[in-house]
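# Structural features, examined
As a plain string of letters, each chain reads:
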Amino acid sequence: MAERRAWAEKRAEIMGRPGAGAAYEAARIRFELGEAVRLRREQLGLTQADLADRTGLKQPAVARFEAGGTMPTIPMLERLAEALEMRLSVQFEPLRDAS
């Protein structure tokens, strides 16, 4: 039977593969954007269907976005911001300052 490895070892192996860091970063961005939209939608007392109506999307598309399943375009983020009564702000940060 194969020896079990600690998660830290497995993660280090996976993250050492070419492109793994970029894929991880893209997933992190999708997750954070989705979470921000979900939290604001809930603050406004909106359902996913309500947000879909406001943006011209279908409810399953909103659900996928909130779950981090899709990478949005800037126009999509603008539509979401307007529907959520917010202003979209996009910025670049030096890597040493990014968390």
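This text gives an overview of the structure that appears in the document. (Residues numbered from 1 in each chain as written. Predicted model: local features only at pLDDT ≥ 70, side-chain atom pairs only at ≥ 80, totals over all residues. Heavy atoms only, no water.)

To continue, consider helix α3 (residues 48–55). Turning to α3, its buried residues are Gln 48, Leu 51, Ala 52 and Thr 55. The buried side chains of α3 occupy one side of the element, clustering within an arc of 105° when seen end-on. Where α3 is buried, its residues meet α2 (20–43), α4 (59–66) and α5 (74–83). Just downstream of α3, Gly 56 is the residue with a positive phi angle, here 80°. (Buried < 20%, exposed > 50% of the residue type's maximum accessible area, 1.4 Å probe, protein only. Helix = DSSP H or I, 4+ residues; strand = E, 2+ residues; numbered from the N terminus. Arc of directions from axis to C-beta. Contact = heavy atoms within 4.5 Å.)

The next subject is α5. Of all the positions in α5, only Met 76, Leu 77, Leu 80, Ala 81 and Ala 83 are classed as buried. Relative to the axis of α5, the buried residues are bounded by an arc of 165° and lie together on one face. Where α5 is buried, its residues meet α2, α3 and α4. Just downstream of α5, Glu 85 is the residue with a positive phi angle, here 60°.

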